[in-house]
Amino acid sequence: QELDRLLSTALGALLQSRDPAKDVAEIFPLLLPSLGLDAYFSYLLGSSRTTLHLNAAGGVSPKQRDLLAVLPVSSLDPVTGPVGESSLPVTIASHLESLRELGLRACCCFPMWIGDRVIGLVSVGSYHKETIPSSDRAVLSRVARYVGLAVDRAARERDVLAASRAKDDVLAALSHELRTPLNPVLLLASDSAANPLFPAEAREAFRVIEKNALLEARLIDDLLDLTRIAHGKTALEATVVDVHDTLRDALVTVRADATARALALAVDLQAARSKVKGDSARLQQVFWNLLKNAVKF
């Protein structure tokens, strides 16, 4: 009962750990005395997949630990494929021989595997016992299995976080590159829209260019505001908006697509009360989506 309690506590802590590979050094010392064992070793497979590197150890001197810091994986032992407790037979046989040279009389090893791949190795031993009972081996096999699951979970979480950070770094690095080309567009469109020498139709076209460039700049700001993205929030800038104008601006962006599909676009903007309090850019996005979907489907 005491062993079950310790096992449940240890495995629960392991599966919730942020760094299970490190916390193995705290879990095995709790369990081994109840099994009459004196030493343990925890290895993780290196990136080259040809060596196992000591992650944690106990019950041996620092010098002995250094001697067993790296365990070569035999070329006869595949680290992928059908796996189980019989995996890595040649590598384990060599490792058990090294453990016995340290004075450990009863030893056993358990590969840590996830799916069809080995990710590490757990070995234990006793200086006094001649054998390790099969019931204790079953407990140790279970522990090794949970250690492997916890280590693999933590590695996947680190990969996800690293990918997220890399994405954020790319967006941050692109901030100036995304905004810079818009500046001359805005400047020229703004000047041309106010130039009385241009025909009214041309000035109106430049006004549309200016307005959409400003909207594009705001969308880029939204994209780069990583804090709001992380919290799923979008800021709104509420002002008095004439929905007729917003619709006209949205229609400009989809009229060419409608024409290309030979679709007739009828516009009837005669609302008696067309002004609302809202975010013009967000409303235009709404109308964009509605109109583009209508044209597309």
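Residues numbered from 1 in each chain as written. Predicted model: local features only at pLDDT ≥ 70, side-chain atom pairs only at ≥ 80, totals over all residues. Heavy atoms only, no water.

Novice: Give a description of the overall build of the chain that names residues and reports values.
Specialist: Secondary structure summary: the chain contains 10 helices and seven strands in total. Compactness check: the chain gives a C-alpha radius of gyration of 33 Å against a globular reference of 19 Å for 297 residues, more than 25% above the reference. In terms of overall dimensions, the chain has C-alpha extents of about 100 × 40 × 35 Å along its principal axes. Relative to its full complement of 297 residues, the chain shows a buried share of 37%. In the structure as shown, the chain presents an accessible area of about 17500 Å², 57% of it carried by carbon and sulfur atoms. Separation of charge centres in the chain, based on 34 positive and 35 negative side chains, amounts to 3 Å. (Helix = DSSP H or I, 4+ residues; strand = E, 2+ residues; numbered from the N terminus. Rg over C-alpha atoms; globule rule 2.2 N^0.38 Å. Buried < 20%, exposed > 50% of the residue type's maximum accessible area, 1.4 Å probe, protein only. Areas by Shrake-Rupley, 256 points an atom, 1.4 Å probe, with all protein chains shown as cover. Lys, Arg positive; Asp, Glu negative; His and termini not counted. Charge placed at Lys NZ, Arg CZ, Asp CG, Glu CD.)

Novice: Describe helix H6 (residues 182-193), and please don't skip the residues or the numbers.
Specialist: Here H6 spans 16 Å end to end across 12 residues, near enough to the 16 Å set by a 1.5 Å rise per residue. When we look at burial in H6, the residues that qualify are Leu182, Leu186, Ala189 and Ser192. Across the axial projection of H6, the buried residues extend over an arc of 145 degrees, all falling on one side. Along H6, exposed side chains directed more than 90 degrees from the buried face belong to Leu187 and Leu188. (Expected span 1.5 Å × (residues − 1). Arc of directions from axis to C-beta.)

Novice: I'd like to hear about the sheet that holds strand S3 (residues 70-72), residue by residue, with values.
Specialist: One open sheet holds the five strands; their spatial order is S3-S2-S1-S5-S4, and the pairing between them is antiparallel. With one partner strand each, in any of the chains shown, S3 and strand S4 (106-114) form the two edges of the open sheet. Neighbouring strand axes in the sheet, compared pairwise and without regard to direction, differ in orientation by 25 degrees on average. Packing of helix H2 (residues 20-31) onto the sheet brings it into contact with strand S1 (39-45), strand S2 (51-58) and strand S5 (117-126), and relative to S1 it is tilted by some 160 degrees. (Pairing = 2+ DSSP bridges. Axes fitted to C-alpha atoms, helices over the stretch in contact; angles between N-to-C directions. Contact = heavy atoms within 4.5 Å.)

Novice: Lay out unusual backbone geometry with the relevant residues and their values.
Specialist: You will see that arginine 49, though not glycine, has its phi angle at about 65 degrees, which is positive. Positive phi, normally seen in glycine, also occurs at alanine 262, with a value near 60 degrees. Take alanine 262: it is sitting in the loop between helix H9 (243-260) and strand S7 (275-278). Classification of alanine 262 as exposed rests on a relative accessible area of 71%.

Novice: Could you give an account of a nonpolar patch on the surface, naming the residues involved and the relevant values?
Specialist: A cluster of nonpolar side chains, namely Val170, Leu174 and Leu178, defines an oily patch on the protein surface of about 220 Å² accessible area. Here valine 170 lies in helix H5 (residues 134-179). Residue class for valine 170 comes out partly exposed when judged on its relative accessible area of 48%. (Patch = residues over 30% accessible without salt bridge, like charges linked within 9 Å, V, L, I, M, F, W, Y side chains within 5 Å. Salt bridge = Lys/Arg side-chain N within 4 Å of Asp/Glu carboxyl O.)

Novice: Give a description of the nonpolar core that names residues and reports values.
Specialist: Nonpolar side chains tend to gather and get buried jointly when the protein is soluble and globular. Ranked by size, the top nonpolar core spans 31 residues in total, and within it Phe28, Val124, Leu140 and Val147 carry the most contacts. For this core, the leading source of residues is H5, giving seven residues. Residues in contact with leucine 140, not counting those within four places in the same chain, are Leu35, Leu37, Cys108, Phe110, Val124 and Ile132. (Core = buried A, V, L, I, M, F, W, Y, C linked by side-chain atoms within 4.5 Å.)

Novice: Account for the packing of aromatic side chains, with residues named and values stated.
Specialist: Throughout the structure, instances matching the rule amount to two aromatic pairs. With 5.0 Å between their ring centres and 10 degrees between their planes, phenylalanine 28 and tyrosine 40 make a pair best called stacked. Of this pair, phenylalanine 28 sits in helix H2 while tyrosine 40 is found in strand S1, placing the two residues 12 residues apart along the sequence. By relative accessible area, which is 2% here, phenylalanine 28 ends up buried. For tyrosine 40, a relative accessible area of 3% translates into the label buried. If you follow arginine 145 out to its NZ or CZ, it ends over the ring of tryptophan 113, 4.6 Å from the centre. (Phe/Tyr/Trp six-rings, centres within 6.5 Å; stacked < 30°, edge-to-face > 60°. Lys NZ or Arg CZ within 6 Å of the ring centre and 35° of its normal.)

Novice: Account for helix H10 (residues 280-296), naming residues and giving values.
Specialist: Taking 1.5 Å per residue, 17 residues should reach 24 Å; H10 reaches 24 Å between its end C-alpha atoms and fits that length. By the burial criterion, the buried members of H10 are Ala281, Arg282, Gln284, Phe287, Trp288, Leu291 and Val295. For H10, the N-terminal capping position is held by aspartate 279, with its side-chain oxygen 3.1 Å away from the main-chain nitrogen of alanine 281. (Polar contact = N/O pair within 3.5 Å; in protein donor to acceptor, adjacent residues only side chain to side chain.)

Novice: Kindly report on the pairing of S2, identifying the contributing residues and their values.
Specialist: Within S2, six of the eight residues are buried, which leaves it mostly tucked inside the rest of the structure. The turn linking S1 back onto S2 is made up of five residues, and arginine 49 within it adopts a positive phi angle of 65 degrees. In this structure, S2 lies alongside S3, joined through three bridges in antiparallel fashion. Counterpart to threonine 51 in the pairing with S3 is proline 72.

Novice: Lay out the packing of H9 against H10 in plain terms, naming residues and giving numbers.
Specialist: Relative to each other, H9 and H10 sit at 35 degrees, their axes nearing to 9 Å. Our pair here, H9 against H10, has a crossing hand that is right-handed. Across the interface between the two elements, Val243, Thr246, Leu247, Asp249, Ala250, Leu251, Thr253, Val254, Asp257 and Ala258 from H9 touch Ser280, Leu283, Gln284, Phe287, Trp288, Leu291, Lys292 and Val295 from H10. Among the residues making up the contact of H9 with H10, the classes are represented as 11 nonpolar, four polar and three charged. (Left-handed = near helix turned anticlockwise from the far one by under 90°. Nonpolar A, V, L, I, M, F, W, Y, C, P; charged D, E, K, R; others polar.)

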